[in-house]
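Structural description and commentary
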Amino acid sequence: MKAARGFVTVGIDYSLAPSARFPTPVRQTNEALAHVIANAKRFNIDPERIFLAGDSAGAQIAAQAALIVSDANYARRMGIDSGMTRASLRGVVLFCDPYDPTAMNFEGPFANFMRTVIWSYVGIPDPHDALVAQMSVTPHVTAAYPPVFISVGNADPLALQSVALAGALRAQGVEVDALFFPNDHHPPLDHEYQLLLSSDAGRLALGKSRVPISTPQ
């Protein structure tokens, strides 16, 4: 569908934990972006109209990559070179992810799963360690962050994470198009609900997964 509408899609792969720890995937993403920009003519890509998109773990990486692109001070603190200019990054599409592990309640079955995921990714068992705070996106967003489309299902254990990120972005004056559902939405929409294109909610997410095209900065 996207190709038919004139979009070029590039799938970015990344190394997995525990063989590769944070921030390796974020660094690899920025290196991939630099490669895309450098080879834009070869790939028939407009280097001034780039969008990032991700789902679940990919959404966390995409959100953090956008933060690095949009905030030079943050990029310096991370020790990662941005793969592109902020003017080229026109928007971000995010589905179903923890954008601030420091704000999670690490109690209960799903929380134990998230504790294990973070331990594997960061390499530290303490979810309150400073390195876990470094992988968080929500506390660090600024007004320079690109426009965002964000969505999550009402029954996703990570739903509050998306709501909090949307709120933080709006507080900074960033354009946000959010697709959230009432708590009593039926049927309940679980993690990655948008992949079920046979459902009304999945088709709605597909149709709405767009972001405003920002003015180059």
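Look up: the structure comes first, before these words.
Residues numbered from 1 in each chain as written. Predicted model: local features only at pLDDT ≥ 70, side-chain atom pairs only at ≥ 80, totals over all residues. Heavy atoms only, no water.

Moving on: the pairing of strand 4 (residues 176-179). Pairing geometry for strand 3 (residues 148-151) and strand 4, over four bridges, is parallel. Each residue of the ladder has a partner; that of F149, found in strand 4, is D177. Note that the unit made of strand 3, helix 7 (residues 159-171) and strand 4 has a crossover that is right-handed. (Pairing = 2+ DSSP bridges. Helix = DSSP H or I, 4+ residues; strand = E, 2+ residues; numbered from the N terminus. Right-handed = clockwise from strand over helix to strand, strands pointing away.)

Moving on, we come to the nonpolar core. Counting 46 residues, the largest nonpolar core has L52, L94, Y99, Y145, I150, L165 and L169 as the members making the most contacts within it. For this core, the elements supplying multiple residues, two or more each, are helix 1 (24-38), strand 1 (50-55), helix 3 (57-70), helix 4 (72-78), strand 2 (89-95), helix 5 (109-122), strand 3 and helix 7. Tallying contributions element by element places helix 3 first for this core, with nine residues. If we ignore the near neighbours within four places in the chain, the residues touching L169 are V141, Y145, V148, V174 and V176. (Core = buried A, V, L, I, M, F, W, Y, C linked by side-chain atoms within 4.5 Å. Buried < 20%, exposed > 50% of the residue type's maximum accessible area, 1.4 Å probe, protein only. Contact = heavy atoms within 4.5 Å.)

Glancing now at the packing of aromatic side chains. Following the criterion strictly, the structure yields four aromatic pairs and no others. On the basis of an interplanar angle of 40 degrees and a centroid distance of 5.8 Å, the ring pair of F110 and F113 is categorised as tilted. With F110 and F113 both in helix 5 and three residues apart, this pair spans about one turn of that helix. A relative accessible area of 31% places F110 in the partly exposed class. Ring centres 5.3 Å apart and planes at 80 degrees place the aromatic pair F181 and Y193 in the edge-to-face group. (Phe/Tyr/Trp six-rings, centres within 6.5 Å; stacked < 30°, edge-to-face > 60°.)

The omega torsion across A17 and P18 is 5 degrees, close enough to zero to call that bond cis. Tracing the backbone shows P18 in the segment before helix 1. The amide bond that connects F22 to the next residue, P23, takes the cis arrangement and shows omega of 5 degrees. Tracing the sequence through the fold places P23 in the segment before helix 1. Of note, S56 is a non-glycine position whose phi angle comes to about 55 degrees, a positive value. Within the secondary structure, S56 sits in the loop between strand 1 and helix 3. The phi torsion at E192 lies on the positive side, around 65 degrees, for a residue other than glycine. Tracing the backbone through its elements, the reader meets E192 in the loop between strand 4 and helix 8 (200-208). The class of E192 is partly exposed, set by a relative accessible area of 26%.

With 14 residues, helix 3 extends 20 Å from end C-alpha to end C-alpha; this agrees with the ideal 20 Å at 1.5 Å per step. For helix 3, the buried fraction is high: 13 of the 14 residues fall into the buried class. (Expected span 1.5 Å × (residues − 1).)

Helix-helix packing is described using two parameters, namely the angle between the two axes and the distance between the axes. With their axes 9 Å apart at the nearest point, helix 1 and helix 3 run at an angle of 60 degrees to one another. On the basis of the axis angle, helix 1 is oblique to helix 3. Crossing of helix 1 against helix 3: the hand is right-handed. The segment helix 1 lies against helix 3, with P25, V26, T29 and N30 engaging I61, Q64, A65, I68 and V69. In terms of residue class, the contact of helix 1 with helix 3 is made up of six nonpolar, three polar and no charged. (Axes fitted to C-alpha atoms, helices over the stretch in contact; angles between N-to-C directions. Parallel < 35°, antiparallel > 145°, perpendicular 65-115°, else oblique. Left-handed = near helix turned anticlockwise from the far one by under 90°. Nonpolar A, V, L, I, M, F, W, Y, C, P; charged D, E, K, R; others polar.)

Our next topic: the sheet that holds strand 2. Here four strands make up an open sheet; going across it, the order is 1-2-3-4 and the pairing parallel. Either end of the sheet is taken by a strand with one partner, and the two such strands are strand 1 and strand 4. Averaged over all neighbouring strand pairs, the angle between strand axes comes to 10 degrees, with direction disregarded. With four bridges joining them, strand 2 and strand 3 adopt parallel strand pairing. If you follow V93 over to strand 3, its bridge partner there is F149. Of the strands in this sheet, strand 2, strand 3 and strand 4 are in contact with helix 8, which crosses strand 4 at around 170 degrees.

Note that all results are geometric; they support no functional claim without further evidence.
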